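These are the residues of each chain, in order.
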Amino acid sequence: MCQFIMTISINLINWVKCFLQNYVIDLAFDDKRQKSKKIITEISQDSSISLILFLIYIQYLFSKIRAKIENLQLFSYIDDIALYMKRKNIDKNVKTLKNAAKIAFTWAKKNAVQFNDSKSELVHFESHKTTFNQMIILLNNTIIKSKTCVRWLKVWLNRKLNFKVHVQTKIVTVTRTLHSLFKLMNSEWELNVKLEKQLYLTCITSISNYDVEIWWNNQKSYLVKFRKLQNAALRKILSVFWTSLIDAMQTEVKISSMKIQLDQKCKNYAIWIVKLLKKHSIRKRTSITYSS
């Protein structure tokens, strides 16, 4: 086991100690509740403190990789970690990423950390149509082959970074959810317009308008597809003919057009970025012309 010194605030230590102690359990059956009883249990993996402790523990891995490999960028969100190398020579990129992976897996083995090899992926972002066959072989002989598209933080990133696969996947999900919603609207419960609108906003727009800030750039082809789905939902909510005017339906239901919704999401995100500190990583990476 490799040992290292960690400088942690005493307040954080006391908070973790408080969280781990004095666990109690209450059991209730048929309106009868038993007295609270103290128990001793481990931290569940989906607990918020489990994720916080993991980030504290793994932070030294990032410092170790950066110290040995220059110009390598590391992105992480809780336990989702990405290694990114920007260089025109693909073979050198693969070699650098292979060395970084070797450092990571060696450190993990010494410090009781286990990475999920099956979730490890490799992709080359390139505008050309060239096919890449490079691969990375991990220390345990797991082979990671190059892919044309990977999914990271619920976003599909294809080789050209035009988000075409991501938008198509989102449209399929919205269409499937919308058809399920139509079945509910056709039920004998006779939902009124207000409830059907609430269902649409909760179940559909939460999918269609999620993460649009990263891909929306007034693409007409994408807008047409989302607009058709919303128009179909408006006709269903109001129970009108297909020839009904779209603007009139949007006014009646009080739902903005898809373009306004997408533009507003990006503008709200731009305002949020402006409020961040100048040294914040998101503000540093964002173009000054974003959502202008």
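In this text, all values refer to a predicted model and were calculated from it rather than measured experimentally.

(A) Quick peek at a nonpolar patch on the surface. A cluster of nonpolar side chains, namely W15, F19, L20 and I52, defines an oily patch on the protein surface of about 330 Å² accessible area. Of all the elements, helix α1 (residues 10-20) adds the most residues to the nonpolar patch, at three residues. Position of L20 among the secondary structure elements: in helix α1. Here L20 falls in the partly exposed class, since its relative accessible area comes to 39%.

(B) Just the side chain of T96, in detail. Counting through the fold element by element, T96 comes out in helix α3 (residues 90-110). Given a relative accessible area of 12%, T96 falls into the buried group. Of note is the side chain of T96, whose polar atom sits 3.3 Å from the side chain of R87. Non-local contacts of T96, meaning those with residues more than four positions away in its chain, are made with I69, M85 and R87.

(C) Spotlight on unusual backbone geometry. The residue F163 is not glycine, and still its phi comes out positive at about 60°. In this fold, F163 is placed in the loop between β11 (155-158) and α4 (164-185). With a phi close to 65°, K254 is a non-glycine residue in the positive phi region. Among the structural elements, K254 can be located in the loop between α7 (246-253) and α8 (258-274). With relative accessibility at 70%, the residue K254 sits in the exposed group.

(D) Focus on α8. The end-to-end C-alpha distance of α8 is 25 Å, a good match for the 24 Å that 17 residues give at a rise of 1.5 Å each. Buried positions along α8 lie against α5 (193-208), α6 (220-238) and α9 (281-285).

(E) Representation of the side chain of H124 within the structure. Tracing the backbone shows H124 in the loop between β7 (122-123) and β8 (135-137). Classification of H124 by relative accessible area gives buried; the value is 9%. In this structure, H124 is in contact with I90, V94, F132, Q134, S146, K147 and R159, ignoring residues within four places of it in sequence.

(F) Spatial organisation of empty space enclosed by the protein. Tallied over the entire structure, the rule returns one cavity of 30 Å³ or more. Computed from the structure, the largest cavity encloses a volume of approximately 40 Å³. Taken together, V174, Y200, I204, S208, F226, L229, Q230 and M258 form the lining of the largest cavity. Its residues placed into classes, the lining of the largest cavity shows six nonpolar, two polar and no charged.

(G) The arrangement of the pairing of strand β10 (residues 149-152) in detail. Across four bridges, β10 lies against β11 in antiparallel orientation. From the neighbouring strand, C149 faces β11, where its bridge partner is N158. Where β10 folds back onto β11 in an antiparallel hairpin, the turn is made up of two residues, including L153, whose phi is positive at roughly 55°.

(H) Seen up close, the sheet that holds strand β9 (residues 143-147). On the basis of which strands lie adjacent, the open sheet formed by three strands has the order β7-β9-β8 and mixed pairing. Both outer strands of the open sheet, β7 and β8, are each paired with one neighbouring strand and no more. One ladder, built from two bridges, connects β7 with β9; its direction is parallel. Its bridge partner being in β9, V123 is matched across the sheet by K147. Contacts from α3 reach β7 and β8 within the one sheet, and its direction differs from that of β8 by about 25°.

(I) Local environment of the nonpolar core. Core analysis: the biggest nonpolar cluster contains 32 residues, and Y200, W215 and W216 have the highest contact counts within it. Counting residues per element, the ones that place at least two in this core are β11, α4, α5, α6, α7 and α8. Each residue touching W215, except ones within four places of it in the same chain, is listed here: F163, H166, V167, K170, Y210, Y222 and F226. If you look at the next biggest cluster of nonpolar residues, it comprises 24 residues, including L72, I103, L138 and I144.

Thresholds, definitions, all that
Positions within a chain are numbered from 1, following the residues in the order the chain's sequence is written. In keeping with the model being predicted, local features are shown solely for residues with a pLDDT of at least 70 and side-chain atom pairs are shown and tallied solely at 80 or more, while totals for entire chains, interfaces and linings include all residues. With hydrogens and water excluded, all non-hydrogen atoms of the structure serve as input to the side-chain values. Surface patches are drawn from residues lacking salt bridges whose relative accessible area is over 30%; two like charges belong together within 9 Å, two nonpolar side chains (Val, Leu, Ile, Met, Phe, Trp, Tyr) within 5 Å. To measure how exposed things are, a 1.4 Å probe is used in the Shrake-Rupley method; for residues, cover is taken only from the protein chains shown. Definition used for salt bridges: Asp or Glu carboxyl oxygen within 4 Å of a side-chain nitrogen of Lys or Arg. A helix here means a DSSP run of H or I that spans at least four residues, while a strand means a run of E at least two residues long, and both kinds are numbered starting from the N terminus. Note on exposure labels: buried denotes an accessible area under 20% of the residue type's maximum, exposed denotes more than 50%, and partly exposed covers the range between, all computed with a 1.4 Å probe on protein chains only. Nitrogen and oxygen atoms within 3.5 Å of one another constitute a polar contact, given that in protein one can donate a hydrogen and the other can accept it, and given that sequence-neighbouring residues count only through two side-chain atoms. Whether two residues are in contact is decided by their heavy atoms: any pair within 4.5 Å suffices. In this analysis, the expected span of each helix is defined as 1.5 Å times one less than the number of residues it contains. A pocket here means an open set of points on a 1 Å grid, computed over the protein atoms alone, that has protein on both sides within 12 Å along at least five of seven lines. A cavity is instead a set of points where a 1.4 Å probe fits but cannot get out; residues with an atom within 4 Å of a point line either one. Grid points are joined across faces, edges and corners, and a volume is the space filled by probe spheres set on the points. The nonpolar class holds Ala, Val, Leu, Ile, Met, Phe, Trp, Tyr, Cys and Pro. Asp, Glu, Lys and Arg form the charged class, and all remaining residues, Gly among them, are polar. A strand pair is defined by DSSP finding two or more bridges across the two strands. For helices, the fitted line uses only the C-alpha atoms of the stretch in contact; every axis is such a line through C-alpha atoms, and the angle between N-to-C directions lies from 0 to 180 degrees. The nonpolar core is taken to be a set of buried Ala, Val, Leu, Ile, Met, Phe, Trp, Tyr and Cys residues, with the residues joined through side-chain atoms within 4.5 Å.

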